[in-house]
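Single-letter residue listing:
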Amino acid sequence: MPQRPQASRRPLVVAIDGPSGSGKSTVSRIVAGRLGLEYLDTGAMYRAVCWACLERGIDLADEPAVAEVARNLDLHVGTDPEAPFARVDGRDVSSQIRSTRVSATVSIVAANLAVRAELRRRQQEIIAAARQGPRHGVVAEGRDITTVVAPDADVRILLTASEGDRVARRAREVHGSDDDRALAATHDQVVRRDADDARVAQFFEAADGVLRLDSSGLSLAETVDAVLAAVAEHERTDGAEVVAGKGLLVELAAESVGAERVGAGRGA
Ligand code: DC
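Residues numbered from 1 in each chain as written. Predicted model: local features only at pLDDT ≥ 70, side-chain atom pairs only at ≥ 80, totals over all residues. Heavy atoms only, no water.

### So, the sheet that holds strand E1 (residues 12-17)
Read across the open sheet, the five strands follow the order E2-E6-E1-E7-E8; overall the sheet is parallel. Two strands bound the open sheet, and with one partner strand each, they are strand E2 (38-41) and strand E8 (211-214). Direction aside, the axes of adjacent strands within the sheet are offset by 20° on average. Across four bridges, strand E7 (residues 155-160) lies against E8 in parallel orientation. Looking across to E8, one finds that Leu159 is bridged to Leu213. Here helix H1 (residues 24-35) sits on the sheet in contact with E1, E2, strand E6 (137-141) and E7, set at roughly 175° to E6. The strands touched by helix H9 (residues 220-236) are E1, E7 and E8; relative to E7, the strand with the most contacts, the crossing angle is about 160°. (Pairing = 2+ DSSP bridges. Helix = DSSP H or I, 4+ residues; strand = E, 2+ residues; numbered from the N terminus. Axes fitted to C-alpha atoms, helices over the stretch in contact; angles between N-to-C directions. Contact = heavy atoms within 4.5 Å.)

This is the structure:
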């Protein structure tokens, strides 16, 4: 795995949030790999809690019961960007948590404030451990990462894209096509779920100090490069505000479409 230069191996936390289909999972995982950092997919933790509740026959609307599951869950998320996984009670549930059943209902779990408090606590612990760990840092992604979980991250990015681009990306991922039928089938998953999630986490607008990267019309490689440029600028300026990086991101976002599209991997 490529490593950052030794001279700059102080802890580094990169936080990336954004709506569904923005490409944040794919981009975060690649960036973590390129920088030799750990990778934290916080959405996988909400999905694992949802899956565990469904398995146990717990009504997702029963907020105290769902919160109890979250607090007691033996959940382990692997943070190697080459092979992320989610384990519940020692069992690998990485594919189960991506099922349609979980995707369709996880917003209910994500809207449970007691669950959010518990997962925030766990996520902050994972990030703190990663800072001290052998890779000296982490790329963490998820709806409230730049604002609530890691507001003091070294680099914070809101990855966005137009609604049309986001629905099309997700349609290609899930249905292998972005024809009219696939778009119609995907629209609800992206737009309705984001509307539901937006009730508890703000991820459409960049908070103060958060770089906004619009990946509409950018290839995956260009988006990854833009994030890496923001990180490089942070390291070059020794943690000062990434003002030049912001200009670069805006410039990159204005460029034309590349061959490889953001979201070629699994969901954002
Ligand atoms: O990114 P994803 O689709 O795997 O996220 C699963 C759900 O969890 C989705 O409803 C968004 C929500 N989520 C959240 O509310 N906060 C996070 N930090 C990560 C995900």
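### Some points on the pairing of E7
In terms of burial, E7 is a largely internal element, six of the six residues being buried. Alternating positions in E7 separate into two faces, Val155, Ile157 and Leu159 on one and Arg156, Leu158 and Thr160 on the other, with burial throughout. (Buried < 20%, exposed > 50% of the residue type's maximum accessible area, 1.4 Å probe, protein only.)

### Focus on the packing of helix H2 (residues 42-55) against helix H5 (residues 113-132)
The contact between H2 and H5 brings their axes to 11 Å, and the two run at 135°. One finds that H2 runs oblique with respect to H5. Classified by chirality, the crossing of H5 by H2 is right-handed. Contacts between H2 and H5 involve Thr42, Met45, Tyr46 and Val49 from the first element and Val115, Arg116, Leu119, Arg122, Gln123 and Ile126 from the second. (Parallel < 35°, antiparallel > 145°, perpendicular 65-115°, else oblique. Left-handed = near helix turned anticlockwise from the far one by under 90°.)

### Observations regarding unusual backbone geometry
The phi angle of most residues is negative, glycine excepted, and most peptide bonds adopt the trans form. Although it is not a glycine, Asp89 adopts a positive phi angle of roughly 50°. With respect to the helices and strands, the residue Asp89 is situated in the loop between strand E4 (85-88) and strand E5 (91-92). We note that His136 has phi near 60°; this positive angle belongs to a residue other than glycine. Residue position: His136 is located in the loop between H5 and E6. The exposure class of His136 is partly exposed, given its relative accessible area of 26%.

### Remarks on the sheet that holds E4
Pairing is antiparallel in the open sheet, where three strands are placed in the order E3-E4-E5. Unpaired on one side and paired on the other, strand E3 (75-78) and E5 mark the two borders of the sheet. Pairing analysis gives two bridges linking E4 to E5, with the strands arranged antiparallel. Counted as the bridge partner of Arg87 is Asp92 from E5. Across the face of the sheet, H2 comes into contact with E3, E4 and E5 while running at roughly 140° to E3.

### Here we look at the site of the ligand
Around the ligand, the structure places 15 residues, and the nearest of them are Arg47, Arg116, Asp144, Arg193 and Asp197. Between Asp144 and the ligand, the recorded distance is 2.7 Å, taken from a side-chain N or O atom to a nitrogen atom. Across the complex, the protein chains shield 98% of the 450 Å² of accessible surface that the ligand would expose by itself. Mapped by element, the contributors of at least two residues to the shell around the ligand are H2, helix H4 (100-110) and helix H8 (180-197). Per element, the largest residue contribution to the shell around the ligand is four residues, and it comes from H2. Class assignment for the residues of the shell around the ligand results in four nonpolar, four polar and seven charged. (Near = heavy atom within 4 Å. Polar contact = N/O pair within 3.5 Å; in protein donor to acceptor, adjacent residues only side chain to side chain. Areas by Shrake-Rupley, 256 points an atom, 1.4 Å probe, with all protein chains shown as cover. Nonpolar A, V, L, I, M, F, W, Y, C, P; charged D, E, K, R; others polar.)

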